[in-house]
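Residues per chain are reported as follows:
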Amino acid sequence: MKCPFCATLDSKVVDSRPANDGTSIRRRRECLKCHNRFTTYETVEVLPMIVIKKNGSRQAFDRSKLLNSMLKACEKRSVSLSLLEKAADDIEKELQNELGGEVTSKQIGELVMEKLKTLDEVAYVRFASVYRQFKDINTFMDELNKLLEQKK
C-alpha cells in the first residue's frame, strides 16, 4: 500500500478489524520509511448489474429505485424503514449471487412482490396492482383471491 505522506510502497499492518457491519475491513498501517500511520479499508468489489427493461432498453441497477417503489407500496402502512432496507438488501444480494450481471425488470418485480407479501399484504397488493398493471376490478379480485387461497 502506498504511503499517503511519502509515497513509499512499504508499510506494515498494525491493526485490523471489521468495519461497516462486517462488509469491510479497516486496517491501520505504518509506513516503514517515514513511520506515519494511516488507515485503509478493504471491501468486496461488486460488479455492476444491468437491468433489462420491458421495452428492451438497458440501465444500471439502482437500489434507490427499488427502495422507493417499496416505500410507495408501504405508504401509510406500519412497515418500518429498517425492514424495507433489509428486504432491499436481500433482493440485491439475491440478484448479485444468483442472477449474475444482467437481470430483467420482471425478475426484480417478482422478488419485490415476494418480499412485500411477507411484510405487508396490503403493500403487496398495491405493488402488484401497479407492477402487473391490473386493468379492471376483476383482475384485482383475482389477485386478492389467490392471496386468500395461499393463506388457507
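Attention here is on the structure that accompanies the text. Owing to the predicted nature of the structure, the values given are computational and were not obtained by experimental measurement. Every chain is numbered on its own, with residues counted from 1 as its sequence reads. With the structure being a predicted model, the display of local features is reserved for residues of pLDDT at least 70 and the display and counting of side-chain atom pairs for 80 or more, all residues being used for whole-chain, interface and lining totals. Neither water nor hydrogens contribute to the side-chain values; these are computed over all heavy atoms in the structure.

## Examining the pairing of strand S1 (residues 11–19)
Sheet faces and side chains relate simply in a regular strand, where the side chains alternate between the two faces.
Here is step 1 of the chain: Two strands qualify as a pair provided that DSSP identifies no fewer than 2 bridges between them. Helix numbers and strand numbers start at the N terminus; a helix is a DSSP run of H or I with at least 4 residues, a strand a run of E with at least 2. Both S1 and strand S2 (residues 24–31) contribute to a ladder of eight bridges, which runs antiparallel. Bridge pairing links Pro18 to Ile25 in S2.
Here is step 2 of the chain: The turn joining S1 and S2, which pair antiparallel and follow one another in sequence, is formed by four residues; a positive phi near 50 degrees is taken by Asn20.

## Notes on the nonpolar core
Here is step 1 of the chain: Put simply, a nonpolar core is a bunch of buried Ala, Val, Leu, Ile, Met, Phe, Trp, Tyr and Cys residues held in one set by side-chain atoms that sit within 4.5 Å of each other. Any residue under 20% of the maximum accessible area for its type is buried, any over 50% is exposed, and the rest in between are partly exposed; the area is computed with a 1.4 Å probe on protein chains only. Counting 28 residues, the largest nonpolar core has Leu66, Met70, Leu95, Ile108, Val112 and Leu116 as the members making the most contacts within it.
Here is step 2 of the chain: Elements with a contribution of two residues or more to this core: helix H1 (63–73), helix H2 (81–98), helix H3 (105–119) and helix H4 (121–131).
Here is step 3 of the chain: Top element by residues in this core is H4. It accounts for six residues.

## Considerations on the packing of H1 against H2
When two helices pack together, their arrangement is given by the angle between the helix axes and the distance between those axes.
Here is step 1 of the chain: At a minimum axis separation of 10 Å, H1 and H2 run at an interaxial angle of 135 degrees. Overall, the two elements H1 and H2 adopt an arrangement that is oblique. In this structure, H1 meets H2 at a crossing whose hand is right-handed. For the pair H1 and H2, contact is made by Arg63, Leu66, Leu67, Met70 and Leu71 and by Leu81, Leu84, Glu85, Ala87, Ala88, Asp89, Ile91 and Glu92, respectively.
Here is step 2 of the chain: Here the term charged refers only to Asp, Glu, Lys and Arg, the term nonpolar to Ala, Val, Leu, Ile, Met, Phe, Trp, Tyr, Cys and Pro, and the term polar to all other amino acids, Gly among them. Partitioned by chemical class, the residues of the contact of H1 with H2 number nine nonpolar, no polar and four charged. Axis geometry follows a simple rule: fit a line to the C-alpha atoms, using only the stretch in contact for helices, then measure angles between N-to-C directions, giving values from 0 to 180 degrees. For classification purposes, angles smaller than 35 degrees are called roughly parallel, those larger than 145 roughly antiparallel, those between 65 and 115 roughly perpendicular, and all remaining angles oblique. For a crossing to be left-handed, the near helix must be turned anticlockwise from the far one by less than a right angle; the clockwise case is right-handed. Here a residue-residue contact requires only that any non-hydrogen atoms of the pair lie within 4.5 Å.

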